[in-house]
Amino acid sequence: MTNKKPAVWYEHLHTEKHTGARRGRIHTPHGTFETPMFMPVGTQGAVKGVGTRELKDIGSQFILSNTYHLWVRPGDELIAQAGGLHQYMGWDQAILTDSGGFQVFSLSDARKLQEEGVTFQNHVNGDKMFLSPEVAMRIQNNLGSDVMMQLDEAIPYFESYDYIKESMQRSLRWAERAQVAHKKTDSQGLFGIVQGAGFKALRTESANGLVGMDLPGYAVGGLSVGESKLEMNRVLDFTMPLLPEDKPRYLMGVAAPDSLIDGVIRGVDMFDSVLPTRIARKGTLMTRRGRVVIKNSKYKNDFTPLDPDLSYYSANPIRTNQFGNQRQFDNPNYNPFQNLTRSYLHHLFNANELLGAQLASQHNLRYLLQFMEDMRTAIENDELLAFRATVMEEYGYNKPNARLF
């Protein structure tokens, strides 16, 4: 009798001795990837303004796509006909898809929630649609993502205890239905989502129920939705120990540097957020020395690099092994982020050139991907607290009334 590995599984490599932070790998049908990791968000099968070749160059591992948006257009059946989402978008590394529930609850005012699922009008043409745990699994099976999320209800953090309890228990039942409906267990992994807002008893009930299902991985949902960072850390403090140490752990919707470190200290392996590309399109850069609003007039005559500490190419072997032959720019002297000045990017934004948003998006994603690379090294060297102290000082978190984004 053999112990067959699930489609997605976690390998632990090192525990940071001062904080307990984890260094590991996630194995998927589309490769093995280093944790802790940040996942760029490609909502509609594309990371806005950044192509798949550039994503590999800057060290992207997983990317996240949105079940709801791809269901509405072009449709999950069309994507299945194309060979799945990997083939459709030209991405041969790992993909995580959310359940679609967040968009149903955030984009549609005309919705009806029942035990069976939720009926709503889609945001494109107003058509009436129905999403259930089974439908969410069918869509994601068609998309062929490596990691699929169960359908749950996206609710505001500060709802009443009774409402959150009812919603959390319904989401547990939906997770059980999703597990039954999942048809491709050999090639796709289903993650459950721990809910319960700020209530320890509800988070415990949710986590215990999901862990009892022995899923390939677990996410913590319902955070980074308006609560303070202290509150988020408080919830993680009592929630993360409830999750298995031999499974990947995913904190949904987080990208702020301090929150990435604080999440990793509490045992998180995976993060995602639209933050880096969303603020980039508005002209805000994430740099080692903090927030840069490139549209500001003070950058008009600034001929320095966007961030002198930022490399362009990732050292990740995923990139270096990808293309076989050396490419023209694949050498240490080529770094477009260092050749690109603040003055030029300031000009691109003021002239409404699309290239400005594209370069800023690529820059912000590379900042976060390099940040996670550096954090993995800090964990390996048992220096995560020193890394955190440096980030808090250099990024500007220690300044009074600091504006970080």
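Keep in mind that what you see is a predicted model, and the values were worked out from it rather than measured.

Chemist: Teacher, can you tell me more about the overall build of the chain here?
Modeler: Counting its regular elements, the chain contains 16 helices and 16 strands. Expected size for 405 residues packed as a compact globule is a radius of gyration near 22 Å; at 21 Å, the chain falls within 12% of this value. Each principal axis of the C-alpha distribution contributes one length, and for the chain these read about 60 × 50 × 50 Å. By the burial criterion, 56% of the 405 residues in the chain qualify as buried. Here the analysis covers contacts within the chain between residues at least 6 apart in sequence; of these, 68% occur between residues at least 24 apart. Summed over all atoms, the accessible surface of the chain reaches about 17600 Å², with 49% contributed by carbon and sulfur. Computing the positive centroid from 44 side-chain charges and the negative centroid from 45, the chain places the two 4 Å apart.

Chemist: How should I be thinking about the layout of surface pockets in this particular structure?
Modeler: If a probe as big as a water molecule is rolled over the atoms, it shows which places are left empty. In this structure, the largest pocket spans a volume of roughly 1300 Å³. Among the elements of the structure, α5 (101-107), α9 (229-239) and α11 (275-281) are those that each provide at least two residues to the lining of the largest pocket. No other element matches α5, which puts six residues into the lining of the largest pocket. By residue class, the composition of the lining of the largest pocket is 20 nonpolar, 18 polar and ten charged.

Chemist: Would you take a moment to explain empty space enclosed by the protein for this structure?
Modeler: The final tally for this structure, using the stated rule, is three cavities of 30 Å³ or more. By volume, the largest cavity is sized at about 40 Å³. For the largest cavity, the full set of lining residues is I155, P156, Y157, Q195, G196, A197, R203 and G222. A per-class count over the lining of the largest cavity returns four nonpolar, three polar and one charged.

Chemist: Explain the sheet that holds strand β1 (residues 9-15) here, please?
Modeler: Hydrogen bonds along the backbone pair up the strands of a sheet, which may run parallel or antiparallel. Strand order in the open sheet formed by three strands is β1-β2-β3, with antiparallel pairing between adjacent strands. A single partner strand is all that each edge strand has here, and the edge strands are β1 and β3 (31-35). Each adjacent strand pair in this sheet contributes to an overall mean axis angle of 20 degrees, direction not counted. Alignment of β1 against strand β2 (residues 22-28), held across six bridges, turns out to be antiparallel. Residue H14 lies in a different strand from β2, and its bridge partner there is R23. Packing of helix α15 (residues 354-380) onto the sheet brings it into contact with β1, β2 and β3, and relative to β2 it is tilted by some 125 degrees.

Chemist: Looking at this structure, how should I read the environment of F130?
Modeler: Residue position: F130 is located in strand β9 (residues 128-131). In this structure, the C-alpha to C-alpha distance between F130 and E116, residues 14 residues apart in sequence, is 9.6 Å. When near neighbours in sequence (up to four residues on either side) are disregarded, F130 contacts W71, E116, G117, V118, T119, F120 and V135.

Chemist: Is there a simple way to think about helix α8 (residues 200-211) in this case?
Modeler: Side chains of residues three or four places apart in an α-helix project in the same direction, reflecting 3.6 residues per turn. The terminal C-alpha atoms of α8, which comprises twelve residues, lie 16 Å apart, in line with the 16 Å expected from a rise of 1.5 Å per residue. When we look at burial in α8, the residues that qualify are L202, R203, S206, A207 and L210. Taken around the axis of α8, the buried residues stretch over an arc of 130 degrees, which confines them to a single face. More than 90 degrees from the buried face of α8, the exposed residues found are K200 and A201. Structurally, α8 contributes buried residues whose contacts are with α7 (161-181), β11 (189-194), β12 (217-220) and α9.

The rules behind each value
- Residues numbered from 1 in each chain as written.
- Predicted model: local features only at pLDDT ≥ 70, side-chain atom pairs only at ≥ 80, totals over all residues.
- Heavy atoms only, no water.
- Helix = DSSP H or I, 4+ residues; strand = E, 2+ residues; numbered from the N terminus.
- Rg over C-alpha atoms; globule rule 2.2 N^0.38 Å.
- Buried < 20%, exposed > 50% of the residue type's maximum accessible area, 1.4 Å probe, protein only.
- Contact = heavy atoms within 4.5 Å.
- Areas by Shrake-Rupley, 256 points an atom, 1.4 Å probe, with all protein chains shown as cover.
- Lys, Arg positive; Asp, Glu negative; His and termini not counted.
- Charge placed at Lys NZ, Arg CZ, Asp CG, Glu CD.
- 1 Å grid on protein atoms, 1.4 Å probe; cavity = no way out; pocket = protein on both sides within 12 Å on 5 of 7 lines; lining within 4 Å.
- Points joined across faces, edges and corners; volume = space filled by probe spheres on them.
- Nonpolar A, V, L, I, M, F, W, Y, C, P; charged D, E, K, R; others polar.
- Pairing = 2+ DSSP bridges.
- Axes fitted to C-alpha atoms, helices over the stretch in contact; angles between N-to-C directions.
- Expected span 1.5 Å × (residues − 1).
- Arc of directions from axis to C-beta.

Keep in mind these values describe shape, not function.
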